Every structure is written in structure tokens, then in C-alpha cells.
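Coordinate analysis (summary)
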Amino acid sequence: METSTVTFLFSDVEGSTALIRKLRDGYRDVMAKHEELMRAAWAEASGRELDADGDSFFVAFPRPRQAVDAAVAAQRALAAHDWPEGGEVRARIGIHTGEASLAGDEYVGLAVHRAARICDAGHGGQILVSETTRSLLEDEEQEFEEFKLHDLGPQVLKDFDRPVRIYQLTIAGHQAEFPALRTAGHGATELAERQEELAATEKDGAVRVMIVDDQALVRAGFRMILEAEADMEVVGEAADGGEAVTEWQRLQPDVVLMDVRMPEMDGIEATRRLLAGEGAETKVVMLTTFDMDEYVYDALRAGASGFLLKDVPPEQLVEGIRAVASGDALLAPSVTRRVIEEFVRRPPASARTLPAKLEDLTARELEVLKLLARGLSNAEIAKELFVSETTVKTHVAHVLMKLDLRDRVQAVVLAYESGLIQPGEE
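Anyway, here's the lowdown on the structure attached to this text. (Residues numbered from 1 in each chain as written. Predicted model: local features only at pLDDT ≥ 70, side-chain atom pairs only at ≥ 80, totals over all residues. Heavy atoms only, no water.)

Counting secondary structure elements, the protein chain contains 16 helices and 13 strands. The buried share among the 426 residues of the protein chain stands at 49%. By sequence separation, contacts in the protein chain at least 24 residues apart represent 71% of the contacts at least 6 residues apart. (Helix = DSSP H or I, 4+ residues; strand = E, 2+ residues; numbered from the N terminus. Buried < 20%, exposed > 50% of the residue type's maximum accessible area, 1.4 Å probe, protein only. Contact = heavy atoms within 4.5 Å.)

Okay, structure coming up:
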């Protein structure tokens, strides 16, 4: 199935049952007008209507800004229309950007469900957007005269165990104050209580980790660290690459901690096999030491989402796995510089043609890609370019989207393999 980054919008009319009781025979006409206004907003912003069920809509947009423009237009149209007495239509709208697979005419994936749950959390007249969507909108902030984004804090959405940050999009001249979101919890106290609930439910929804290392003591040490975390579950172990492939097929873990050097089949070949299948969702984190840096480049080219040193402090191990599980790349800048200098100086001679998609990048995005490939952190890139760190995050997101790259690791590999940047280049 083809996977792509899409912005999804869900809308739903609040209090539709009450409207039926109030309007009776007039309900059909009111809903027909609601559908007309909403569809006009979607069409104007190049939205693709995927489904309409009763008073709900599910729409896909190529870009986050198009979805936001559609939501703003829809809410304005609903507010401006002269509804019959007692028949005002108020819709809640949720927007999220993420990866989804296209199966026939239907999109499937967690991004779809997250957008739906964000919508469910809102109230009539309210527009909610995810952290990802907000981040991608950030560099267009100078154009946001007609609306503002307000941070509502971390929220636990229905069917999602980990809290996510939600933003309210407020339209100038329209309602700005709404009741608390309809979520499983909000604020520090509720989130703390939710974490306790997670720990008491035998780690349902925890990050499922498999540990692959030929040393039993290493596996035992990592298992002890991870199983002490409420949101981590070690589902299996393997002592070599071949066993890792077999166990991965049986267990389907979220993250695999993979040693580089092992007997029979090494971690690089095992990673290639794990990630070769279409739609493979497992993330691989390579375990290495500085005395075998030459292996790391091949591991990243094989599709690994990053690497950790075997003597990494426990808290960094846990945070690294969480980051990878949530879709980020684990490419610590302090380690990246040393690795780049050591092994990226020998990319394949054949991989020297600049990808055509690089032409889609703006001059600033190309500059960010080069700095990223040199191992600079977002904060360091921001300092180098005299922009905010949030703006850098947005540029990185655009680079990954335009180049169809999974994460920062792939961006670094592409930059060196294509010859866009040379090791040691400043």
C-alpha cells in the first residue's frame, strides 16, 4: 500500500439529536444546508471528501494550511447563515497531519484515528489541531491575521494512551472561550493519574520492545531498565540476527534494540530484512560502541531510525526509545559529528547524482538540510540561521515531507550519499 503524509479533517455537528427534536420536519432542510456550506468550504481549499456519515465529514488535504483554511471557512459560513429559531448548527472540527496508507479509496492508519479523536474532544464552533499540524503551520505565522493558535496542553485522547498536545484555532471575531475538552484527562494532575492507570493495566498500549544482543548480560541489563518504566514492555529477546528476524515476525514489536556485531547474522543484515517488507512499521535502534563506528553508516542506510551507545545512561535509553516509537529519529548531534567524520567519508561512488526532489526545497530548506547533515541540533541550526527553534522544526518537517523521507536519519544519509555535502565541509 502507498504511504504518504496527509492532513485529515473531521467535522461533526454538536447536539444533532436535540436539533431533531426541536426542528422535526425542518431538520432535513437544515442538515442539507449544513452539508452545502461544509462541502463548499472543502472544495474551495482543494479538500478531498472521503466520507460523509449523517452530520459528520471526513476530508483529506495535501497541506495543513489548506485544511485550516477550510475549517475557518466552514465555521464562518455556519456562523453567518440565518438558521431557523432553535436550529443553529454548530460543528466541531479536528485536524491532524500524519502518515497514512491508501488502500483502494480509503486511508488507513493511526493518523486517521487521531484526527477523529481530536474532533471528538471539541465542542460546537471549536477547531482543534494537533502538535504536528501546528508545527507545519508555524513558518506561515505571518499570514495568520484571521486566526490564532492557543496551546491547550497535553491531552489524553480516547483510544490513545499517551498524551498529545492539542491547540485551539481561534477565528477573529468568533467565539474564543469553550468548556474543557472532552478528553480522558488534561492538566498535570489528570495526566499523573492517567499514568498510574496505565501502570495498573498490565502495560496495555505500552511501547513493545525487543532486545537483540549476543551477550545475555547486556540483554538482561536493558530489560531491567525498560521494564521499570510504566510505558515500556519487553516482549522478547534474540541472541543473533537470524533469531531476531524470526522473533520479529512472531512478536511484531514497536521498537527493536539491535546490536551491530553478532555471530551468524549481524545487526545490519537483520535490519535490512526487518525493514524490507512493504509497510514495515517497526523502528530499529542500533546499539554500538565508538570502536565500531564504521558499522553505523551501513546500519542507517539499512533503514535504522538511529543508534545508541551501549553505555548510554538509563534515562537516555528510555527517552530515546520513546522518541523513536513516536516517530522521531534518534540521531544525537554529539554522536553524529563523530560518526560522520569517521565513516561517511566513503559513500558509494555511484551515489553522486542529486535527487530531482531537492529542487522542491526552498533555499532556506536546503540550507537547513545541509546543517542537519553536519550534525547540528535544532537549537544550533536556529542560532546559525538567526531564527527560532520552532521555525527550524518546521523547516525540518517540510524537508522530510518534500523528499519523502521517514526521519532525520534518512535526511543525513541522503545528503552525504548524493554528494550534497562532503564530510568535514563547513
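From this point, things continue past the structure.
Moving on, we come to the packing of aromatic side chains. A complete count under the given rule lists four aromatic pairs for this structure. Judged by centre distance (4.4 Å) and plane angle (10 degrees), the ring pair of F10 and F58 falls under stacked. Of this pair, F10 sits in strand β1 (residues 2-13) while F58 is found in strand β3 (residues 56-61), placing the two residues 48 residues apart along the sequence. As far as the burial class goes, F10 and F58 line up, both buried. (Phe/Tyr/Trp six-rings, centres within 6.5 Å; stacked < 30°, edge-to-face > 60°.)

What follows deals with the packing of helix α7 (residues 216-227) against helix α11 (residues 314-325). Two elements in contact, α7 and α11, have axes whose closest approach is 10 Å; the angle formed by their N-to-C orientations is 70 degrees. Between α7 and α11, the interaxial angle falls into the category roughly perpendicular. Here α7 contributes F222, I225 and L226 to the contact with α11, which in turn contributes P314, L317, V318 and I321. Here the residues of the contact of α7 with α11 are counted per class, giving seven nonpolar, no polar and no charged. (Axes fitted to C-alpha atoms, helices over the stretch in contact; angles between N-to-C directions. Parallel < 35°, antiparallel > 145°, perpendicular 65-115°, else oblique. Nonpolar A, V, L, I, M, F, W, Y, C, P; charged D, E, K, R; others polar.)

Pairing between the strands of a sheet comes from backbone hydrogen bonds, and it takes one of two forms, parallel or antiparallel. Read across the open sheet, the five strands follow the order β10-β9-β11-β12-β13; overall the sheet is parallel. Both outer strands of the open sheet, β10 (232-238) and β13 (306-309), are each paired with one neighbouring strand and no more. Taking each pair of neighbouring strands and ignoring which way they run, the sheet shows an average axis angle of 25 degrees. One ladder, built from four bridges, connects strand β9 (residues 207-212) with strand β11 (residues 255-259); its direction is parallel. In the sheet register, V212 faces β11, and the bridge partner there is M258. (Pairing = 2+ DSSP bridges.)

For S46, which is not a glycine, the phi torsion comes out positive at approximately 65 degrees. Structurally, S46 can be placed in the loop between α2 (27-44) and β2 (48-53). The class of S46 is partly exposed, set by a relative accessible area of 47%. Its identity as a non-glycine residue notwithstanding, E264 has a phi of 65 degrees, on the positive side. Summarising the element assignment, E264 is placed in the loop between β11 and α9 (267-276).

We now examine the pattern of salt bridges. When their charged atoms lie close together, side chains carrying opposite charge are able to pair. Counted by the stated rule, this structure contains 23 salt bridges. E237 is the salt-bridge partner of R223, the closest N and O atoms lying 2.7 Å from each other. Residue R223 is located in helix α7, and its partner E237 is located in strand β10; the two are separated by 14 residues in the primary sequence. Residue classification places R223 among the partly exposed residues on the basis of a relative accessible area of 24%. Residue R322 is joined to E319 by a salt bridge in which the shortest nitrogen-to-oxygen separation is 2.5 Å. Of this pair, R322 and E319 both sit in helix α11, three residues apart, which is roughly one turn of the helix. By sharing partners, the salt bridges in this structure join D12, E14, R92 and R182 into a single network. (Salt bridge = Lys/Arg side-chain N within 4 Å of Asp/Glu carboxyl O.)

Let's shift gears to the nonpolar core. Within the largest apolar cluster, 34 residues are counted, with the highest numbers of intra-cluster contacts made by W42, F61, V89 and I95. Looking at this core, the elements with two or more residues in it are β1, α1 (16-23), α2, β3, α3 (64-80), β4 (91-103), β6 (127-130) and β8 (164-171). Beyond its immediate stretch of four places on either side in the chain, F61 contacts V6, T7, L9, W42, A45, S46, G47, Q66, A67 and A70. (Core = buried A, V, L, I, M, F, W, Y, C linked by side-chain atoms within 4.5 Å.)

What follows deals with the side chain of D12. Tracing the backbone shows D12 in strand β1. Looking at D12, its side chain comes within polar contact range of the side chain of S56, at 2.9 Å. Not counting chain neighbours up to four residues away, the residues in contact with D12 comprise D55, S56, R90, A91, R92 and C119. (Polar contact = N/O pair within 3.5 Å; in protein donor to acceptor, adjacent residues only side chain to side chain.)

Our next topic: the environment of R76. Considering the arrangement of structural elements, one finds R76 in helix α3. Once the C-alpha coordinates of R76 and G173 are considered, the two residues, 97 residues apart in sequence, prove to be 9.7 Å apart. In contact with R76, not counting residues within four places along its chain, are E146, I171 and H174.

Attention now moves to the pairing of β8. Burial of β8 is extensive: seven of the eight residues sit out of reach of the surface. As paired elements, β6 and β8 share four bridges and run antiparallel to each other. Paired with I127 across the bridge in β8 is L169. Across seven bridges, the pairing between strand β7 (residues 147-155) and β8 is antiparallel. Note that in β8 the partner of K148 across the bridge is T170.

Together, D51, D53, D105 and E106 make up a negatively charged patch on the protein surface. Relative to the helices and strands, D51 is located in strand β2. (Patch = residues over 30% accessible without salt bridge, like charges linked within 9 Å, V, L, I, M, F, W, Y side chains within 5 Å. Areas by Shrake-Rupley, 256 points an atom, 1.4 Å probe, with all protein chains shown as cover. Lys, Arg positive; Asp, Glu negative; His and termini not counted. Charge placed at Lys NZ, Arg CZ, Asp CG, Glu CD.)

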